[in-house]
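Letter by letter, the chains look like this.
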Amino acid sequence: MYLFGGSGHCKVIIDIIKKNNLYEITSIIDDNPVLDKICGIDIVRRVKFNEDDSLFISIGDNKIRKKISNKYTNVNYPILIHSNAVIGINVSIARGTVIMAGAIVNSDTRIGKQCIINTSAVVEHDNIIEDFVHISPNATLAGNVSVGEGTQIGIGACVIQGLKIGKWCTIGAGSVVLKDVPDFAVVVGNPSKIIKYNKEHE
Ligand SMILES: CC(C)(COP(=O)(O)OP(=O)(O)OC[C@H]1O[C@@H](n2cnc3c(N)ncnc32)[C@H](O)[C@@H]1OP(=O)(O)O)[C@@H](O)C(=O)NCCC(=O)NCCS
(Lines give C-alpha, C1' and ligand atoms only; values in the text may rest on other atoms or scores of the structure.)
Protein backbone atom coordinates (compact mmCIF):
# COMPACT_ATOMS: atom_id res chain seq x y z
CA MET A 1 0.00 0.00 0.00
CA TYR A 2 1.08 3.59 -0.64
CA LEU A 3 0.36 6.51 1.65
CA PHE A 4 -0.15 9.97 0.21
CA GLY A 5 1.13 12.77 2.48
CA GLY A 6 3.93 12.71 5.02
CA SER A 7 2.46 14.72 7.89
CA GLY A 8 2.01 14.03 11.62
CA HIS A 9 -1.39 12.58 10.70
CA CYS A 10 0.50 10.08 8.50
CA LYS A 11 2.35 8.75 11.58
CA VAL A 12 -0.96 7.85 13.21
CA ILE A 13 -2.11 6.13 10.01
CA ILE A 14 1.13 4.12 9.95
CA ASP A 15 0.53 3.10 13.57
CA ILE A 16 -2.96 1.77 12.74
CA ILE A 17 -1.71 -0.16 9.72
CA LYS A 18 1.21 -1.68 11.64
CA LYS A 19 -0.82 -2.55 14.77
CA ASN A 20 -3.53 -4.25 12.75
CA ASN A 21 -0.97 -5.91 10.51
CA LEU A 22 -3.19 -4.98 7.61
CA TYR A 23 -0.91 -4.00 4.76
CA GLU A 24 2.74 -3.63 3.95
CA ILE A 25 3.50 0.05 3.30
CA THR A 26 5.61 0.36 0.14
CA SER A 27 6.36 4.08 0.44
CA ILE A 28 4.93 7.48 1.30
CA ILE A 29 4.36 9.99 -1.50
CA ASP A 30 5.24 13.58 -0.58
CA ASP A 31 6.89 16.39 -2.53
CA ASN A 32 8.55 18.01 0.50
CA PRO A 33 12.28 17.91 -0.47
CA VAL A 34 13.50 17.83 3.15
CA LEU A 35 11.64 14.58 3.99
CA ASP A 36 13.33 11.27 3.28
CA LYS A 37 11.72 8.84 5.76
CA ILE A 38 8.81 8.75 8.21
CA CYS A 39 8.73 5.98 10.84
CA GLY A 40 11.44 4.25 8.79
CA ILE A 41 9.38 4.28 5.58
CA ASP A 42 10.87 5.83 2.44
CA ILE A 43 9.41 9.02 1.00
CA VAL A 44 9.08 9.13 -2.78
CA ARG A 45 8.09 12.13 -4.89
CA ARG A 46 5.71 10.34 -7.24
CA VAL A 47 4.41 6.89 -8.17
CA LYS A 48 2.80 5.56 -11.31
CA PHE A 49 -0.14 3.60 -9.90
CA ASN A 50 -1.43 0.28 -11.22
CA GLU A 51 -5.13 -0.52 -10.97
CA ASP A 52 -4.72 -3.02 -8.13
CA ASP A 53 -2.58 -0.67 -5.99
CA SER A 54 -3.93 0.40 -2.61
CA LEU A 55 -3.59 4.04 -1.65
CA PHE A 56 -4.47 5.78 1.59
CA ILE A 57 -4.51 9.58 1.70
CA SER A 58 -2.80 10.46 4.98
CA ILE A 59 -3.56 14.19 4.91
CA GLY A 60 -5.70 15.96 7.51
CA ASP A 61 -6.87 18.83 5.27
CA ASN A 62 -10.32 17.95 3.91
CA LYS A 63 -10.01 19.98 0.69
CA ILE A 64 -6.68 18.37 -0.19
CA ARG A 65 -8.00 14.86 0.48
CA LYS A 66 -10.87 15.60 -1.88
CA LYS A 67 -8.56 16.93 -4.57
CA ILE A 68 -6.21 13.93 -4.41
CA SER A 69 -8.97 11.32 -4.34
CA ASN A 70 -10.60 12.99 -7.36
CA LYS A 71 -7.25 12.85 -9.18
CA TYR A 72 -6.45 9.18 -8.49
CA THR A 73 -9.67 7.31 -9.20
CA ASN A 74 -8.33 3.95 -10.43
CA VAL A 75 -6.77 2.71 -7.20
CA ASN A 76 -8.17 0.86 -4.22
CA TYR A 77 -8.83 3.07 -1.18
CA PRO A 78 -8.95 0.87 1.95
CA ILE A 79 -10.94 1.55 5.12
CA LEU A 80 -8.72 1.68 8.23
CA ILE A 81 -10.21 0.93 11.64
CA HIS A 82 -7.98 0.88 14.74
CA SER A 83 -8.39 -2.31 16.76
CA ASN A 84 -9.41 -0.19 19.78
CA ALA A 85 -12.22 1.62 18.00
CA VAL A 86 -15.81 0.53 18.71
CA ILE A 87 -18.19 0.23 15.77
CA GLY A 88 -21.91 -0.37 16.46
CA ILE A 89 -24.34 -2.52 14.52
CA ASN A 90 -25.47 -1.48 11.07
CA VAL A 91 -22.77 1.17 10.64
CA SER A 92 -21.61 1.79 7.09
CA ILE A 93 -18.21 3.25 6.31
CA ALA A 94 -17.07 4.20 2.83
CA ARG A 95 -13.65 3.86 1.16
CA GLY A 96 -10.63 5.86 2.27
CA THR A 97 -12.02 6.58 5.74
CA VAL A 98 -10.05 6.05 8.95
CA ILE A 99 -11.49 5.38 12.41
CA MET A 100 -8.79 6.04 15.01
CA ALA A 101 -8.01 4.62 18.44
CA GLY A 102 -10.71 5.01 21.09
CA ALA A 103 -13.31 6.34 18.65
CA ILE A 104 -16.89 5.11 19.02
CA VAL A 105 -19.32 5.04 16.11
CA ASN A 106 -22.76 3.93 17.19
CA SER A 107 -25.58 2.00 15.53
CA ASP A 108 -27.11 2.93 12.20
CA THR A 109 -24.60 5.67 11.46
CA ARG A 110 -23.40 6.23 7.90
CA ILE A 111 -19.92 7.59 7.25
CA GLY A 112 -18.90 8.74 3.78
CA LYS A 113 -15.64 8.35 1.89
CA GLN A 114 -12.29 9.89 2.84
CA CYS A 115 -13.41 10.88 6.33
CA ILE A 116 -11.33 11.02 9.50
CA ILE A 117 -12.94 9.93 12.76
CA ASN A 118 -10.06 10.95 14.98
CA THR A 119 -8.80 9.69 18.33
CA SER A 120 -11.57 9.22 20.94
CA ALA A 121 -14.23 10.97 18.88
CA VAL A 122 -17.80 9.86 19.58
CA VAL A 123 -20.26 9.65 16.71
CA GLU A 124 -23.56 8.56 18.17
CA HIS A 125 -26.39 6.54 16.62
CA ASP A 126 -28.15 7.49 13.37
CA ASN A 127 -25.62 10.12 12.29
CA ILE A 128 -25.05 10.90 8.63
CA ILE A 129 -21.48 11.97 7.97
CA GLU A 130 -20.89 13.01 4.36
CA ASP A 131 -17.62 12.61 2.39
CA PHE A 132 -14.33 14.35 3.36
CA VAL A 133 -15.46 15.19 6.91
CA HIS A 134 -13.01 15.31 9.83
CA ILE A 135 -14.30 14.69 13.35
CA SER A 136 -11.33 15.81 15.49
CA PRO A 137 -10.09 14.12 18.66
CA ASN A 138 -12.55 14.00 21.54
CA ALA A 139 -15.36 15.68 19.61
CA THR A 140 -18.83 14.29 20.30
CA LEU A 141 -21.85 14.19 18.02
CA ALA A 142 -25.08 13.17 19.77
CA GLY A 143 -27.69 11.02 18.00
CA ASN A 144 -29.31 11.92 14.65
CA VAL A 145 -26.80 14.59 13.68
CA SER A 146 -25.92 15.15 10.02
CA VAL A 147 -22.63 16.68 8.90
CA GLY A 148 -22.20 17.99 5.36
CA GLU A 149 -19.32 17.33 2.98
CA GLY A 150 -15.89 18.60 3.97
CA THR A 151 -16.79 19.95 7.40
CA GLN A 152 -14.34 19.83 10.30
CA ILE A 153 -15.69 19.36 13.81
CA GLY A 154 -12.89 20.77 16.01
CA ILE A 155 -11.15 19.06 18.86
CA GLY A 156 -13.37 18.58 21.90
CA ALA A 157 -16.44 20.18 20.29
CA CYS A 158 -19.89 18.79 20.97
CA VAL A 159 -23.06 18.87 18.94
CA ILE A 160 -26.45 18.13 20.53
CA GLN A 161 -28.85 15.63 19.04
CA GLY A 162 -30.75 16.08 15.81
CA LEU A 163 -28.79 19.02 14.37
CA LYS A 164 -27.81 19.61 10.76
CA ILE A 165 -24.28 20.90 10.24
CA GLY A 166 -23.76 22.18 6.69
CA LYS A 167 -20.99 21.49 4.19
CA TRP A 168 -17.45 22.88 4.44
CA CYS A 169 -18.09 24.32 7.90
CA THR A 170 -15.52 24.66 10.67
CA ILE A 171 -16.69 24.01 14.20
CA GLY A 172 -14.06 25.58 16.50
CA ALA A 173 -12.22 23.64 19.18
CA GLY A 174 -14.35 23.15 22.29
CA SER A 175 -17.51 24.61 20.75
CA VAL A 176 -20.90 23.62 22.07
CA VAL A 177 -23.27 23.56 19.11
CA LEU A 178 -26.94 23.96 20.04
CA LYS A 179 -28.50 24.85 16.70
CA ASP A 180 -28.14 24.03 13.00
CA VAL A 181 -25.07 25.47 11.23
CA PRO A 182 -25.36 26.79 7.63
CA ASP A 183 -22.98 25.74 4.83
CA PHE A 184 -19.44 27.22 5.05
CA ALA A 185 -19.98 28.77 8.51
CA VAL A 186 -17.15 28.97 11.07
CA VAL A 187 -18.63 28.75 14.56
CA VAL A 188 -16.95 28.98 17.97
CA GLY A 189 -17.83 29.19 21.66
CA ASN A 190 -20.46 28.01 24.12
CA PRO A 191 -23.12 28.40 22.92
CA SER A 192 -21.47 28.48 19.51
CA LYS A 193 -21.93 31.49 17.23
CA ILE A 194 -20.96 32.18 13.62
CA ILE A 195 -17.80 34.32 13.39
CA LYS A 196 -17.25 34.13 9.62
CA TYR A 197 -17.67 31.93 6.54
CA ASN A 198 -15.14 29.69 4.77
CA LYS A 199 -14.58 30.43 1.10
CA GLU A 200 -16.49 28.29 -1.34
CA HIS A 201 -14.15 26.31 -3.51
CA GLU A 202 -14.24 24.42 -6.75
C1 LIG B 1 -12.25 28.20 14.79
C2 LIG B 1 -10.84 28.36 14.25
C3 LIG B 1 -10.72 27.59 12.91
C4 LIG B 1 -10.63 29.84 14.00
O5 LIG B 1 -9.34 30.05 13.57
P6 LIG B 1 -8.96 31.45 12.86
O7 LIG B 1 -9.76 31.58 11.60
O8 LIG B 1 -7.48 31.52 12.72
O9 LIG B 1 -9.55 32.55 13.83
P10 LIG B 1 -8.80 33.45 14.92
O11 LIG B 1 -7.79 32.65 15.68
O12 LIG B 1 -8.36 34.68 14.22
O13 LIG B 1 -9.98 33.78 15.93
C14 LIG B 1 -11.03 34.68 15.63
C15 LIG B 1 -11.75 34.97 16.94
O16 LIG B 1 -12.44 33.77 17.36
C17 LIG B 1 -11.96 33.36 18.67
N18 LIG B 1 -11.82 31.90 18.62
C19 LIG B 1 -11.12 31.17 17.72
N20 LIG B 1 -11.26 29.86 17.96
C21 LIG B 1 -12.06 29.75 19.04
C22 LIG B 1 -12.56 28.65 19.75
N23 LIG B 1 -12.26 27.40 19.38
N24 LIG B 1 -13.38 28.88 20.80
C25 LIG B 1 -13.69 30.16 21.17
N26 LIG B 1 -13.24 31.26 20.53
C27 LIG B 1 -12.43 31.06 19.48
C28 LIG B 1 -10.60 34.04 18.83
O29 LIG B 1 -10.29 34.19 20.19
C30 LIG B 1 -10.84 35.34 18.12
O31 LIG B 1 -11.60 36.17 18.95
P32 LIG B 1 -11.35 37.79 18.98
O33 LIG B 1 -11.68 38.25 17.57
O34 LIG B 1 -12.31 38.26 20.02
O35 LIG B 1 -9.91 37.95 19.31
C36 LIG B 1 -9.75 27.79 15.21
O37 LIG B 1 -9.52 28.64 16.31
C38 LIG B 1 -10.13 26.41 15.76
O39 LIG B 1 -10.76 26.27 16.82
N40 LIG B 1 -9.71 25.37 15.00
C41 LIG B 1 -9.96 23.99 15.32
C42 LIG B 1 -8.63 23.28 15.46
C43 LIG B 1 -8.78 21.82 15.73
O44 LIG B 1 -9.76 21.36 16.29
N45 LIG B 1 -7.80 21.06 15.32
C46 LIG B 1 -7.83 19.62 15.46
C47 LIG B 1 -6.74 19.02 14.62
S48 LIG B 1 -6.76 17.28 14.72
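Computed from a predicted structure; not experimentally measured.

### Regarding the sheet that holds strand S11 (residues 110-111)
- Strand order in the open sheet formed by 5 strands is S8-S11-S14-S17-S20, with parallel pairing between adjacent strands. Of all strands in the sheet, those with a lone pairing partner are strand S8 (92-93) and strand S20 (164-165), marking the two edges.
- Of the pairings in the sheet, the one linking strand S14 (residues 128-129) to strand S17 (residues 146-147) comprises 2 bridges and is parallel in character. Across the sheet, Ile128 pairs through a bridge with Ser146, a residue of S17.

### Here we look at the packing of aromatic side chains
- Taken as a whole and assessed by the stated rule, the structure comprises 3 aromatic pairs.
- Both rings, one in Tyr2 and one in Phe49, keep their centres 5.6 Å apart while their planes meet at 75°; by these two values the pair is edge-to-face. One end of the pair, Tyr2, is in strand S1 (residues 2-4); the other, Phe49, is in the loop between strand S4 (41-44) and strand S5 (55-57), and 47 residues separate them in sequence. With respect to class, Tyr2 is no different from Phe49; both count as buried.
- When the centroid spacing of 5.1 Å and the interplanar angle of 80° are considered together, the rings of Phe49 and Tyr72 count as edge-to-face. Separated by 23 residues along the polypeptide, Phe49 in the loop between S4 and S5 and Tyr72 in the loop between helix H2 (62-71) and strand S6 (80-81) bring together distant segments of the chain.
- The exposure class of Phe49 is buried, given its relative accessible area of 17%.
- The rings of Tyr2, Phe4, Phe49 and Tyr72 are connected pair by pair, giving a single aromatic cluster.

### Focus on the side chain of Asn127
- Within the secondary structure, Asn127 sits in the loop between strand S13 (122-123) and S14.
- Side-chain polar atoms of Asn127 contact the backbone oxygen of Glu124, separated by 3.2 Å.
- In contact with Asn127, not counting residues within four places along its chain, are Asp108, Thr109, Arg110, Leu141, Ala142, Gly143, Asn144 and Val145.

### With respect to the pairing of S4
- Judged from the 2 bridges that link them, strand S2 (residues 27-29) and S4 form a sheet pairing that is parallel. Looking at the pairing, Ile29 lines up with Val44 of S4.
- Sheet topology note: the strand S3 (residues 37-38)/S4 ladder contains 2 bridges and is antiparallel. Note on S4: the bridge partner recorded for Ile38 is Ile41.
- Between S3 and S4, which pair antiparallel one after the other, the connecting turn spans 2 residues, and Cys39 there sits at a positive phi close to 50°.

### Considerations on the sheet that holds S2
- One open sheet holds the 5 strands; their spatial order is S3-S4-S2-S1-S5, and the pairing between them is mixed. Edge strands, defined here as strands with exactly one partner in the open sheet, are S3 and S5.
- Taken together, the 3 bridges between S1 and S5 define a ladder with parallel strand orientation. Each bridged residue has a counterpart across the sheet, and for Tyr2 the counterpart in S5 is Leu55.
- On top of the sheet, helix H1 (residues 8-20) reaches S1, S2, S3, S4 and S5; it is set at about 155° to S1, its chief contact.

Rules of the game
By convention here, each chain's residues receive numbers from 1 onward along its written sequence. The predicted origin of the model limits local features to residues at a pLDDT of at least 70 and limits the giving and counting of side-chain atom pairs to 80 or more, whereas totals for whole chains, interfaces and linings rest on all residues. Values reported for side chains reflect all heavy atoms of the structure, with hydrogen atoms and water molecules removed beforehand. Two strands are said to pair when DSSP picks up at least two bridges between them. Here a strand is any run of E in DSSP of at least two residues, a helix any run of H or I of at least four, and the numbering for each starts at the N terminus. Stacked, tilted and edge-to-face are the three classes assigned to paired rings of Phe, Tyr and Trp, where Trp is represented by its six-membered ring and a pair needs centres within 6.5 Å; plane angles under 30 degrees give stacked, over 60 edge-to-face, the rest tilted. We call a residue buried when its accessible area falls under 20% of the maximum for its residue type, exposed when it is over 50%, and partly exposed in between, using a 1.4 Å probe and counting protein chains only. N or O atoms closer than or at 3.5 Å make up a polar contact, with two conditions inside protein: a donor-capable atom paired with an acceptor-capable one, and, for residues adjacent in sequence, both atoms drawn from side chains. We call two residues contacting when some pair of their heavy atoms lies within 4.5 Å. Between N-to-C directions, angles span 0 to 180 degrees; the directions come from axes that are lines fitted to C-alpha atoms, helices contributing only their stretch in contact.

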